[in-house]
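So you can see what is in the structure, the chains are spelled out below.
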Amino acid sequence: MPMDPLPDLATLSLAEIVRLVEERRLPPVDKWNPTHCGDSEMRIARDGTWYHQGSPIGREAMVRLFASILRREPNGSHVLVTPVEKLDIVVEDAPFVAVELKAEGSGRDTRLAFRLNTGDLVTAGPANPLRFAAGEDGPRPYLAVRGGMEALVARPVYYELADRAGQGDDGAFGVWSDGAFFGIEPQDGETS
C-alpha cells in the first residue's frame, strides 16, 4: 500500500497544516486489546531511528507504518498493536522527533506546527502542549503527540523556538501557540 509523500511545511500555510492534521486517520489502536504476543525485537533510538534486530530500518514507509500502530501502555511501556497481536518495542526516550517547525503570527496569536520524523504534523496548543525537561545539555523540549506519546524536539528546532521566545502574562520566558503559553524553563523535578 503506497503512502502519501511527506508534506513540505515551507509550502503550507498553518490553515493547510491544521486541515491535514484533521484529515489524518490513524488506526484505532486505543480500542484494540489483543493478547500480548511477545517482543517485536524493535527499538526506537533517542535520535528517532527505528531498529529491528539491531539493524536500522531504512525504508521510510515501513517506519511510518509501524509508527501508525504504536501505542503507549498505562504502565509507560510501548507496544505495536493490531487487532490480533501486541508486541513490545523499546523506546529509549520519546518515540518521535520533531524535525521541522512552521510558525505564523506573533505573541498570543502565534501558531506553531511541527513535522515529526514520521511525517506526522502536530500543532502545539492546549491539546498538544510543549513541555521542557532538564537535561545534561540544557532544556529538553517535548511535544505531546497522541495517546500519552511525545516527540523530542530536535536541537535545531529548539533553537528556532528559543528565537521566538518572549514573556508570558506572568513574566515567564517561553512561547505561545494556539492561545496557550509554554514556559521554557524546566519545571522542578522534570528530567529526561
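See above for the structure.
On a predicted model such as this, the values are computed, not experimentally measured, just so you know.

Chemist: Go over the side chain of Arg71, please, and point to the residues and values.
Modeler: Residue position: Arg71 is located in strand β4 (residues 70–72). Separated by 2.8 Å, the side chains of Arg71 and Glu73 make a polar contact. Residue contacts for Arg71: discarding those within four places in its chain leaves Val29, Asp30, Trp32, Asn33, Ser77, His78, Val79, Val81, Lys86 and Met149.

Chemist: Talk me through the sheet that holds strand β1 (residues 36–44); I want residue IDs and the actual numbers.
Modeler: Across the sheet, which stays open at both edges, the six strands sit in the order β3-β2-β1-β6-β5-β4 with mixed pairing between neighbours. Each of the sheet's edge strands pairs with one partner strand only, and the pair in question is β3 (55–56) and β4. Sheet analysis places β1 next to strand β6 (residues 86–91), joined by five bridges and oriented parallel. Directly across from Asp39, in β6, lies its bridge partner Asp88.

Chemist: Outline the pattern of salt bridges, listing residues and values.
Modeler: Scanning the entire structure with this criterion turns up nine salt bridges. One salt bridge connects Lys31 with Asp30, and the closest N-O pair in it is separated by 3.9 Å. Between Arg111 and Asp178 there is a salt bridge, and its shortest N-O distance comes to 3.4 Å. Residue Arg111 is found in strand β8 (residues 111–116), and its partner Asp178 is found in the loop between β14 (173–177) and β15 (180–183); the two are separated by 67 residues along the sequence.

Chemist: Before we move on, can you summarise the environment of Val175 with the specific residues and values?
Modeler: If you trace the backbone, Val175 turns up in strand β14. For Val175, a relative accessible area of 2% gives the class buried. Along the primary structure Val175 and Arg108 are separated by 67 residues, whereas in three dimensions their C-alpha atoms are 8.8 Å apart. Once residues within four sequence positions are removed from consideration, Val175 is found in contact with Leu112, Leu130, Leu161, Arg164, Ala165, Ala180, Phe181, Phe182 and Ile184.

Chemist: Talk me through the pairing of β15; I want residue IDs and the actual numbers.
Modeler: On β15, burial follows the alternation: Ala180 and Phe182 on one face are buried, whereas Phe181 and Gly183 on the facing-out side are not. Here β14 pairs with β15 via four bridges, running antiparallel. For Gly174, the partnering residue across the bridge sits in β15 and is Gly183. Adjacent in sequence and paired antiparallel, β14 and β15 are bridged by two residues, among which Asp178 carries a positive phi angle near 55°.

About the criteria used
Residues numbered from 1 in each chain as written. Predicted model: local features only at pLDDT ≥ 70, side-chain atom pairs only at ≥ 80, totals over all residues. Heavy atoms only, no water. Helix = DSSP H or I, 4+ residues; strand = E, 2+ residues; numbered from the N terminus. Polar contact = N/O pair within 3.5 Å; in protein donor to acceptor, adjacent residues only side chain to side chain. Contact = heavy atoms within 4.5 Å. Pairing = 2+ DSSP bridges. Salt bridge = Lys/Arg side-chain N within 4 Å of Asp/Glu carboxyl O. Buried < 20%, exposed > 50% of the residue type's maximum accessible area, 1.4 Å probe, protein only.

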